[in-house]
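Coordinate analysis (summary)
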Number of protein chains: 4
Amino acid sequence: MIVIFKNNANPEQVKQLCAGFEAQGLKIHNSEGEHTHLIGLIGDTSSVDIDLVRANDFVEDVKRVSEPYKKANRKFHPADTAVDVAGHTIGGGHFSVMAGPCSVESESQIVEVARDVQRSGAGILRGGAFKPRTSPYAFQGMRAEGLELLREARAATGLPIVTEIMNTEHVPLFADVDMIQVGARNMQNFELLKELGKLQTPVLLKRGLANTIEEFLMSAEYIMAGGNENVVLCERGIRTFETSMRNTLDISAVPMLKSKTHLPVVIDPSHAAGIAWMVEPLAMAAIAAGADGLMIEVHNDPPHAKSDGAQSLTPAQFDALMGKVKAASAFFGKAIN
Amino acid sequence: MIVIFKNNANPEQVKQLCAGFEAQGLKIHNSEGEHTHLIGLIGDTSSVDIDLVRANDFVEDVKRVSEPYKKANRKFHPADTAVDVAGHTIGGGHFSVMAGPCSVESESQIVEVARDVQRSGAGILRGGAFKPRTSPYAFQGMRAEGLELLREARAATGLPIVTEIMNTEHVPLFADVDMIQVGARNMQNFELLKELGKLQTPVLLKRGLANTIEEFLMSAEYIMAGGNENVVLCERGIRTFETSMRNTLDISAVPMLKSKTHLPVVIDPSHAAGIAWMVEPLAMAAIAAGADGLMIEVHNDPPHAKSDGAQSLTPAQFDALMGKVKAASAFFGKAIN
Amino acid sequence: MIVIFKNNANPEQVKQLCAGFEAQGLKIHNSEGEHTHLIGLIGDTSSVDIDLVRANDFVEDVKRVSEPYKKANRKFHPADTAVDVAGHTIGGGHFSVMAGPCSVESESQIVEVARDVQRSGAGILRGGAFKPRTSPYAFQGMRAEGLELLREARAATGLPIVTEIMNTEHVPLFADVDMIQVGARNMQNFELLKELGKLQTPVLLKRGLANTIEEFLMSAEYIMAGGNENVVLCERGIRTFETSMRNTLDISAVPMLKSKTHLPVVIDPSHAAGIAWMVEPLAMAAIAAGADGLMIEVHNDPPHAKSDGAQSLTPAQFDALMGKVKAASAFFGKAIN
Amino acid sequence: MIVIFKNNANPEQVKQLCAGFEAQGLKIHNSEGEHTHLIGLIGDTSSVDIDLVRANDFVEDVKRVSEPYKKANRKFHPADTAVDVAGHTIGGGHFSVMAGPCSVESESQIVEVARDVQRSGAGILRGGAFKPRTSPYAFQGMRAEGLELLREARAATGLPIVTEIMNTEHVPLFADVDMIQVGARNMQNFELLKELGKLQTPVLLKRGLANTIEEFLMSAEYIMAGGNENVVLCERGIRTFETSMRNTLDISAVPMLKSKTHLPVVIDPSHAAGIAWMVEPLAMAAIAAGADGLMIEVHNDPPHAKSDGAQSLTPAQFDALMGKVKAASAFFGKAIN
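Keep in mind that what you see is a predicted model, and the values were worked out from it rather than measured.

Here we come to the relation of the copies chain D and chain C. Laying chain D over chain C is done by rotating through 180° and shifting 0.0 Å along the axis; what remains is an RMSD of 0.1 Å. Within this description, the copies of the chain are treated as partners about a two-fold rotation axis. Minimal C-alpha distance to the rotation axis in chain D is attained by Ala210(D), lying at 2.9 Å. Interface overlap between copies: 100% of the residues of chain D at the interface are likewise at the interface in chain C, consistent with a symmetric, same-surface contact.

The structure is reproduced here in structure tokens:
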């Protein structure tokens, strides 16, 4: 960490600040130039609060040099982490496809779709029981009943299930869920992240709409700091000025994340653009950029889906896509799991 | 709502879609041109799911004409709403100042700051007990104990208190809090919004970092739809490409919100820029733009604050600011409350 | 185009506005509901000025239904356009690679790099003579002398050359340049676009840092409206809140552009991230998403490059990349040109 | 400037890099920690190319500590600069209002509006002759003829005129223009900035849609480095994800710019939101935040304006606004000029 002082900084104040850093076990390298006086802090600065340092009126700026995350940091864990989801592996050279409807709507719907996506090669069944909707007047999901139907679909197919949690109070309901999803809007719901850190259930953590890669990794760190290191990161589009698509897929986040962390990284092309016909090119791009998997929405009857129909594939479209996914992931050196 | 069809749309499919709309009680105006075929839906379309309509592959685009929020909509409630916070009024011509530390840190700190801000003219005491922090290694707030200290500061001064909630499980702890704050990161924590909708306690709802004005109003609608119409909106800076400040204050949101909704709108200039010396110009701009109040961070010792010191004013700085706030709000036609 | 009226719109004013539209040859479909009164305009609305309509105080909003671009619009030209650059074809099933240094620095440098990239399979030589630099104190390019050196490199290798123009006054200097590049900062330099519209030289038009896909196509339309239909679009990263990379590559722009226009679309992965090691994954993603080509920076000595060294590949790195580019473009069905 | 090395940096390479810096006259402070090795460069680093340093594969990151602009930097010119526009002063405690139509459309229009805005208290007449329009099919301005009409309006009223230049070739046409405007889309048209740097005519430089404050100041530096220090900065709204307004006014840019530079800063509330009724609250906010002036669009017949009618005030509305502008600028300590 580097602290840059204002030109008129009082030497006595600087000295006191430095004494405080030394008391925290940090070493200080002083550097005084004609126009600039700065210090470098050497040691573990992850507990130094940048804002606190900046609050001193004689400080011009503070810049962090090393990353504030440790458990998620590839520097300290060079090897790829593979996450086991009820026997299905994500990461570590395996390529995973999670598929299913945006919302669980009925037993026949979820079981039918589960069978369809399994037949096409998906390794995990997705389906929303608790649904975060912008409007209070929109369908809010089948909630506990939806979880029950997911269990039935799992029983019918053997596919592990992944579904979204929105509230710490629902944790007991998710006890036997194979992978718990944290949605983009809850990426910084820190109370929820802390609760999930106490479990061993794998967590699929989606990047927030306007969160940086560093914030994304800090949210993973919340879960890992609690003891649950089974975290899979999911990029699903960020918010930009562009309006022709729902979100802007940040494809560069795949190689950037993989350089910074050992955790698996998957892409959700369905939410990224919000348009069914765009799922294929974005899925191909994700594979080419080095993603470890895909999360894709599939619905037996998209125009009558209770949510996100516009971005859902039919089972037939998904089957055609999976042929291409298998070929492309093989081409880029990963085996479909 | 307007539905635009693709050029190759099958008339039979269009007919079926229209029949569905009519079954929902909507009237249809058909409009066929050389290049474009569209229909207008007449009636209450707030329950029509745009995505569902878009999911039809013969639909080119769907555009909403009327706002999807009702209870928050000024069209249906032309008069300004004033929210009563334990006898202190926000909105309706009153100008409110909420002030206090980012985090409650000790009894002496919060009581001392409460007395200071009261003396300078603040009408409500703010202070964080539950703190949303990007890093799991940062100070997380005094939690229940912090709430207790806020109560002591209220007892000592008579100031109503406003403090942030992060989880539905904590609702019972907030039973006697005068105003409950929903932070920017939880603006779309819909489970939390629904719980707050069941109370009558006023809610200070902060705009999310990257949420549109329409989404902001939809989150207010969540609370109001549940029965709690005591909502105050707070703009606190949005995320943009600019890096010289923490956030970009969207000052235009003040007049835009006030044109669209009858709810009071306040500004948090402390979080908006994240820089103490910038609080004054932004506070002045907020008053000039028509805001109904300000939320300002004040700390007795900013460089040793446990969070957000860089943006906190000292009590003396706050006192000087309040002189200007009183003069400016009087100049722009609002009485300090 | 749809015009939505305010509730209190004066019928006389609406009538006058409609008469104006009819005088422009448009037909009007009127649609009056309980809460909403709107009209649909049928016919060619590309010359209707949305702002002008919105300026009427009885108009609530105006929404465009059909695209404001014609010559670039795939609706009116369904087949892919292939652009011929001195015998080298971009688009129409061909995959092109343009490579070379950010800046032309010396004869030996540009000739050497030209030979290197040709050997590896590049079809066009890129190199900057006029350089847009954020700082007036940075190297501004060799200008006319740089163009001369590019001609020498072309003579030595036979590769067509593409280089950036920054000013209409330089058009004569570019008379024998094979393809003229318009940089991101000049995407809306309309005077320049108009001048280029008068030529027949192919234009490589880069998307502006914060320009929408529609604005991008409108800038292409400027060139095409002047008579020059040889336009190639280049996505090179947009500006977002993310700071770990220079720009955010908008990979979705590839399929979106290709659905809206018949023009070829290429990707510049070097500028997109600004980081040399990220060129490969982004190049692979571009191919997978359906791009028609790549523009890649190659320098014989990146740490001593006069600009953009951080994102330049060495000839050896480029050669290794080209092996992968050839394989991937073949896999995705396009032949390297 | 600080250079951070990768953990595996070769000491020999680091040594060579440092020797290069020393050859440029810089001093080096070395700082080696357990996890981090960095150096601080002491001296004038404005000519060091960050990208070039970053291009070394043993460099992890480079951070600038001092600003890359000199002539625009308040550190080296603490006193406010006041710019003289044909006898009218902008900055240095004076508050200026520039007003007039978006486009010059006819002699009677511009002369009439000039008289109107003068009567209401505007100090400079604005009017566009060369118009940057997104669509090639939209009105492109009266060009040279428009400049001639502006001269007539100046002759009729004595008001200095400000109008936009789009191309270096037009510089001779602007010889007797009192203030030359560089529009947002040309903020990084460096060839144009360099030409304007050779003149002494005051330049009104508008911030680009997605340009940072630092880039804005670097563009001012381009003009100043050429010898023309008569630069006025104009914030006119930036591009964000928000869609309810055309742009997002970055009100914080006013105090931030004024802390970093000695140049005057004005606000264009007309373009910022693109909505006539929002001009007043944004103008008030600008004054309150410390701006040195306003640029406001006024049209005698907004619904028939040839451009930007939606954001234009009528002369009567402008007159009412000016009453408030005079009162507010007096309240905030500046005299209308």
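Turning next to the interface of chain A and chain B. Each partner contributes to the interface: chain A provides 49 residues, whereas chain B provides 49 residues. The junction of chain A with chain B conceals about 4200 Å² of combined surface from both sides, 50% of it contributed by carbon and sulfur atoms. Linking chain A with chain B are 6 salt bridges, by the criterion used here. A salt bridge links Arg143(A) to Glu191(B); its shortest N-O distance comes to 2.8 Å. At the junction of chain A with chain B, the criterion picks out 24 residue pairs in polar contact (both at pLDDT 80 or more). Looking at the side of chain A that touches chain B, the elements that each hand over two or more residues are helix 2 (50-54), helix 5 (190-197) and helix 6 (213-225) of chain A. Residue contributions to the side of chain A that touches chain B peak at 5 residues, all from helix 6 of chain A. Tallied by class, the residues present in the side of chain A that touches chain B amount to 16 nonpolar, 16 polar and 17 charged.

Attention now moves to the UniProt feature "domain: DAHP synthetase I/KDSA" (unreviewed entry) in chain A. The sites that carry the UniProt feature "domain: DAHP synthetase I/KDSA" (unreviewed entry) are, in the present numbering, residues 87-321 of chain A. Its end C-alpha atoms 24 Å apart, residues 87-321 of chain A is made of 34% helix and 17% strand.

Positionally, Asn189(C) belongs in the loop between strand 10 (179-182) and helix 5 (190-197). Taking relative accessible area as the criterion, Asn189(C) reaches 4% and is therefore assigned buried. In this structure, Asn189(C) is in contact with Met166(C), Met166(D), Asn186(D) and Asn189(D), ignoring residues within four places of it in sequence.

Moving on, we get to the domain arrangement of chain A. Frequently, the measure chosen for interface size is the accessible area removed from exposure when the parts meet. What the domain assignment reports for chain A is domain 1 (2-63) and domain 2 (83-336). Distance between the C-alpha centres of domain 1 of chain A and domain 2 of chain A: 43 Å.

Quick look at the packing of helix 3 (residues 107-120) of chain A against helix 10 (residues 315-331) of chain A now. Residue and element names in this part refer to chain A. Helix 10 packs onto helix 3 with a crossing angle of 25° between their chain directions and a minimal axis gap of 9 Å. Here helix 10 runs roughly parallel to helix 3, going by the angle between their axes. For helix 3 against helix 10, the interelement crossing comes out right-handed. Two secondary-structure elements touch here, helix 3 through Asp116, Val117 and Ser120 and helix 10 through Pro315, Phe318, Asp319, Met322 and Lys326. Looking at the contact of helix 3 with helix 10 residue by residue, the class counts come to 4 nonpolar, 1 polar and 3 charged.

Criteria and cut-off values
The numbers attached to residues start from 1 for each chain and follow its sequence in the written order. Here the convention is simple: chains get letters from A, ligands get numbers from 1, in the order in which they are written. Per-residue local features of the predicted model are confined to residues with pLDDT of at least 70, and side-chain atom pairs are confined, for both listing and counting, to 80 or more; whole-chain, interface and lining totals are unaffected and use all residues. Only heavy atoms go into the side-chain values, all of them from the structure, while hydrogens and water stay out. Superposing the copies works by least squares over the C-alpha atoms of residues that have pLDDT at least 70 in both of them. By definition, residues are in contact when any of their heavy atoms lie within 4.5 Å. Here the buried area means the combined drop in accessible surface, using a 1.4 Å probe, for two parts upon being joined, counting both sides. Within this document, salt bridges are pairs made up of a side-chain nitrogen of Lys or Arg and a carboxyl oxygen of Asp or Glu, the two lying within 4 Å of each other. Between N or O atoms, a polar contact is any pair within 3.5 Å; within protein, one atom must be a potential hydrogen donor and the other a potential acceptor, and residues adjacent in sequence are included only when both atoms are from side chains. Secondary structure is summarised from DSSP: a helix means a run of H or I of at least four residues, a strand means a run of E of at least two, and numbering begins at the N terminus for each. Any residue that is not Ala, Val, Leu, Ile, Met, Phe, Trp, Tyr, Cys, Pro, Asp, Glu, Lys or Arg is counted as polar, Gly included; the first ten are nonpolar and the last four charged. UniProt positions are given in the numbering used here, feature names are shortened, and annotations may be inferred rather than shown by experiment. Buried, partly exposed and exposed residues are distinguished by accessible area as a fraction of the type maximum, computed with a 1.4 Å probe on protein chains only: under 20%, between the cut-offs, and over 50%, respectively. Note that domain bounds follow an automatic or database assignment of domains. Geometry is summarised by axes, namely lines fitted to C-alpha atoms with helices restricted to the contacting stretch, and by angles between N-to-C directions that run from 0 to 180 degrees. Here is the rule for angles: anything less than 35 degrees is roughly parallel, anything more than 145 is roughly antiparallel, 65 through 115 is roughly perpendicular, and the remaining ranges are oblique. Left-handed is the label given to a crossing in which the near helix is rotated counterclockwise from the far helix by less than a right angle, and right-handed is the label when the rotation is clockwise.

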